[in-house]
Amino acid sequence: MIHVEQLSKSFDDLRRGSIVALDSVSFDVKAGEIFGLLGPNGAGKTTCLRMLSTVLQPTGGTATVAGFDVIKQPQDVRTHIGFMSCNTGIYDRMTAWEMVEYFGRLYDIEEHELQERLDRIFTTLQMQDIKDLLGSKMSTGMKQKVSIARTIVHDPPVLIFDEPTTGLDVLVARAVLKTIEALREEGKCIIFSTHIMREVEKLCDRVAVIYKGKILAMGSIPELEEEYHESDMEELFFKLIQEHEDQLAMKAQ
Amino acid sequence: MRELRDQMRDRRTLFMVAILPLLLYPAMGIGMVQMTVLFSEQPRDVVILGANDLPDYPQLLDGDRFVSSWFLIPSDANKLRVITDKTTDKKSDEPVDDDQADVVENKKRQELLEQARELETVFGKQKELLNQLRQIKGESKKEQAARQRLKQELKEANSEFSGLFAESQIQVLILVPKGLSKEIARVSEKLAQHEPITIDRAESLRPIYLRNSADEKTRIAFSQVQEVLGAYNKDILRDRLNRANLPESLPNPINPIVIDLAQDEQHAANLWSKLFPALLIIMAATGAFYPAIDLGAGEKERGTMETLLISPAKRTEIVLGKFLTVMVFSVSTALLNLASMGFTGRHMVNLAGSGALSRFGDMSFPSFTALFWIVVLLIPLSALFSALCLAFATFARSSKEGQYYLTPLLMVTLGLTVFCLSPAVEINPFYSLMPIVGVALLLKGMLLSSVNAGILYVYAIPVLVTSIGYSLLALWWAIEQFQREDVLFREAERFEVGLWLRHMIRTKDSLPTFAEAGFCFVIIMLLQFAVMNSMSAAIQAATDAERPTRMMQLLMIQQLAIIATPALIMGIMLTTSVRKTFRLYLPSIGFLIVGIVLPFLLHPLSIELAQSLSWFFPKLPEGTAAVMQSMSDPTQPIWLILTAFALAPAVCEELAFRGFILSGFGRRGRAWLAIILSSITFGAMHMIPQQVFNATLLGLVIGLIAVHSRSLLPCVVFHFIYNSLAILHGRIPKTWLPENGLEHFVSMQPEGLRYSWPLLLICGAITIVLLLWVQSQSQSKNALDAAGSSNSDSFGRRLTDSK
């Protein structure tokens, strides 16, 4: 469903000059699979996912999402993905229902179908009681629920979650993860970025460890543990980063 | 739709847009009524010394007031309190009143009189000094020294005098000379008997008014005193004339009668025409301000921007949605404000009747046609503001930053509006093409002349077309902003000049960047502005004989220092390939030939174009006309003129505009955009509207040659030949007559040599062929040249269309 090949992105920065945020990254994600992007802050996760959602233009390489090219068919890509991140806010001056309804309309869903689907989503996410609450009056958990509802309102085959649990308390985070798990059961293709090991261990079928714009390792968790002879995911992660840093230091010398 | 509802739910916006205007004006109205009720001017103090010498008839003073009949508005008499030595003399004889207030009053009176007397003595001293100064007539050293000393003393006395006056509480001091009333009586007597009167000027008894015109209070008091004494003067004169059996109209042999034909609605129109356009524009701008910030920077702040971006809506659609919302608010703010103000105004006039408010004029509504035009013109205007505000707001990172960006926009708008308010500014073809100004002036005109607005409708078309054009341009810019990732995902950046400079030098490329090119242009413009003053001063300082030479020297220096130097410095500092930046390559022979031939073809075309458009541009100011004159000044050697006006500009301007700036603008790959932008900057550099227009068109041609030949040489050649032709054209003697078949092509007109149709057609045709050839021979191999060539087509068409 997602095919990424040699995807790169570089920015101009005043302080550091031209910086490479993502350096020739390639991976594939299949339907019914959760693919985890694991990396510290600033590793290039968000940049990568933004390019997949066509908000940013790649400076090199290609990617297809749900069979559409992110450069040539950005609009088709956007209609076939659901994107959620800690940055995707909701409107303060709209009620939960209006908000999800509005985005449903943006996806050109037929009116009666939209109403049905809204009803279903609001029931499954247990949001019926906050239906008429304004965005500004909601708690963080409620907002996150609305965001999820917005993400899946058009029933997209591909879902992109960029650190969806950042800033949430344990209960809400758990609920979000449960929802993502449920979405996998529906056969969605899910890409999921985080810097929290536990989430990866619990959720992801396959993981890519990403650091300084490069993928250091990729595979399912048992595969990775076997390859690097490290049973603890966290230790594995630090080991990979350490290796990479050593390599960089070697090069610099 | 969503955006609209969203904004409607924002209480702040709603308040600013709807409630505020509805409440503000009535509130202001009430406030104004209250103020006029409560407002009473404090009486000003006028001191008259020597009041005993004022004639008894006609009576000037009534107690401590002037007699009220001398005022135009009798109640004004209460605004001046007159203190004279006469009244105090009387009062001192009477037993002092027990009334405490009166004692205080009297004390103050005495104090003022004291100050007045002091002033009088100082004044006397001063007069004495002046007299002494006058008496010194010789030129000997001693006398000069004496004069110097006296002048010094006089100066001191002067400052002492004005200091004293400023310290005193007296607003106007009148010194009545001794024997004034007797003198007046004597002259009147003689006049009555038709006897000759000899009045010695020096000795003539004239009252003296002392005042300080820099002090607001004094100014008001003085104008009132003048009014009184003017009327008083007239009365004495009338009395004299009567007694001498002379007609009263003697002092005004021609006594015109003024008849005011203005009707009530015109009075109303006059008021509205001043207020309405200004308010409309300001309100349209402020109305767009807040929603734009909220929908641009505000969405970024709240993180909803990204949510919106990942929806399937196209960016263009998103921008259009936001734009329409902002526009609705802009339009409704403006209309609500105007309506509320109109109603309040009318209501107040009804309320106040003929009171003080009637001075503001009748406030009845403008006609329906005028209202219709207000709405029609408001729409493109709001569109312009909405798009501009949205573009700025999108660029801003936070709402606060958005406000920083938008305030200058508001200031510029305000400046233009105030400019339009001035009664002398009227709509003309040139103004009608300017943004904001055109709309303001057209509205002003429409509201002003409800009767014969015929001519104004002619302007309505260009004003509307250009306004729509400007707003589309602004909208395009807003969309462009929305397409840029660095704008959408701007993060907090620290701005340090040092860091920035290092970055620029570190990341330098073979060609300058877009921003650097723009910066270069701004520097050139600023420098030009800065030296303008000193240049004209230097030209003024030169004697008539050497002025042309001086002017040409300065022009050459200006070209080298202001235009070429910044471009060269920036080119060397900021790029790795100076050669590439300035296109220092040898062109192929073909381009060189085009560079030589094309100016000969374009010269007649541009001369005729300028002539046929001369009605459009405002007249040249005299200074520039003088420069133009010196170009065709036959007393100057031709080589000097050619160097100053053709060679220097050709080299310097080409280096800057077709070198650095064109390279910078073109780096992003859009050749046509680069050519257009560089020619606009090239035009703008010429300052004078006529030349701006001409230079912009030529800039297009030269830019085209530069891009396709990849060499600066044909451009320099073109520029040199073109300017030389213009100079030579001015130097053709007026007496020269075309013959031998030439008369079919050229003719001699009072304004110079003119070219006729056949020649123009030939020139136009060859020009198009050459330009087509230029783009077909293109040596730059990038794919975007297709865009460049389509430009050359449209350019060629433009040239022929305008014929």
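(A) Region of the structure containing the overall build of chain B. Check the secondary structure of chain B and you find 28 helices and 8 strands. In chain B, buried positions account for 44% of the 803 residues. On chain B, roughly 42,000 Å² of surface is accessible, and the fraction owed to carbon and sulfur atoms is 63%.

(B) Structural context of the sheet that holds strand 6 (residues 208-210) of chain B. Residue and element names in this part refer to chain B. Spatial strand order, 4-1-5-6: 4 strands in an open sheet with mixed pairing. Across the chains shown, the open sheet's two edge strands, defined by having one partner strand only, are strand 4 (80-84) and strand 6. Within this sheet the neighbouring strands show an average axis-to-axis angle of 20°, counted without direction. Both strand 1 (residues 44-49) and strand 4 contribute to a ladder of 5 bridges, which runs parallel. Each residue of the ladder has a partner; that of Arg-44, found in strand 4, is Leu-80. Of the strands in this sheet, strand 1, strand 4, strand 5 (172-175) and strand 6 are in contact with helix 7 (residues 216-243), which crosses strand 5 at around 40°.

(C) Summary view of the packing of aromatic side chains. Overall, the coordinates contain 9 aromatic pairs over all chains when judged by the stated rule. Ring geometry for Tyr-102 of chain A against Phe-103 of chain A: centres 5.2 Å apart, planes inclined by 75°, an arrangement best described as edge-to-face. Here the two residues Tyr-102 of chain A and Phe-103 of chain A agree in accessibility, since each one is buried. A cation over an aromatic ring shows up here: Lys-131 of chain A above the ring of Trp-97 of chain A, its NZ or CZ 4.6 Å from the ring centre. Across from the ring centre of Phe-682 of chain B, 4.2 Å away, lies the NZ or CZ of Arg-658 of chain B, which sits over that ring.

(D) Molecular detail of the pattern of salt bridges. The final tally for this structure, using the stated rule, is 17 salt bridges over all chains. With its nearest N and O atoms 2.9 Å apart, the salt bridge here joins Glu-299 of chain B to Lys-322 of chain B. Of the two residues, Glu-299 of chain B is situated in helix 8 (residues 264-302) and Lys-322 of chain B in helix 10 (residues 315-352); the sequence distance between them amounts to 23 residues. As far as the burial class goes, Glu-299 of chain B and Lys-322 of chain B line up, both buried. A network of salt bridges, in which partner residues are shared, links Lys-178, Glu-181, Arg-184, Glu-185 and Asp-205 of chain A.

(E) Molecular detail of the pairing of strand 9 (residues 206-211) of chain A. Residue and element names in this part refer to chain A. With 6 of 6 residues buried, strand 9 is to be regarded as a mostly interior element. Bridge count for strand 3 (residues 33-38) against strand 9 is 4 bridges, and the pairing is parallel. Bridging from a neighbouring strand, Gly-36 pairs with Val-207 of strand 9. As paired elements, strand 9 and strand 10 (residues 214-219) share 5 bridges and run antiparallel to each other.

(F) A look at the sheet that holds strand 10 of chain A. Residue and element names in this part refer to chain A. Reading across the sheet, the 6 strands line up as 6-7-8-3-9-10 and stay open at both edges, with mixed pairing between neighbours. Every interior strand has two partners, whereas the edge strands, strand 6 (81-85) and strand 10, have only one. Ignoring which end each strand starts from, the neighbouring axes of this sheet average 15° apart. For strand 6 and strand 7 (residues 158-162), the ladder comprises 5 bridges, and the chain directions are parallel. Looking across to strand 7, one finds that Ile-81 is bridged to Val-158.

Calculation criteria
Residues numbered from 1 in each chain as written. Chains lettered and ligands numbered in written order. Predicted model: local features only at pLDDT ≥ 70, side-chain atom pairs only at ≥ 80, totals over all residues. Heavy atoms only, no water. Helix = DSSP H or I, 4+ residues; strand = E, 2+ residues; numbered from the N terminus. Buried < 20%, exposed > 50% of the residue type's maximum accessible area, 1.4 Å probe, protein only. Areas by Shrake-Rupley, 256 points an atom, 1.4 Å probe, with all protein chains shown as cover. Pairing = 2+ DSSP bridges. Axes fitted to C-alpha atoms, helices over the stretch in contact; angles between N-to-C directions. Contact = heavy atoms within 4.5 Å. Phe/Tyr/Trp six-rings, centres within 6.5 Å; stacked < 30°, edge-to-face > 60°. Lys NZ or Arg CZ within 6 Å of the ring centre and 35° of its normal. Salt bridge = Lys/Arg side-chain N within 4 Å of Asp/Glu carboxyl O.

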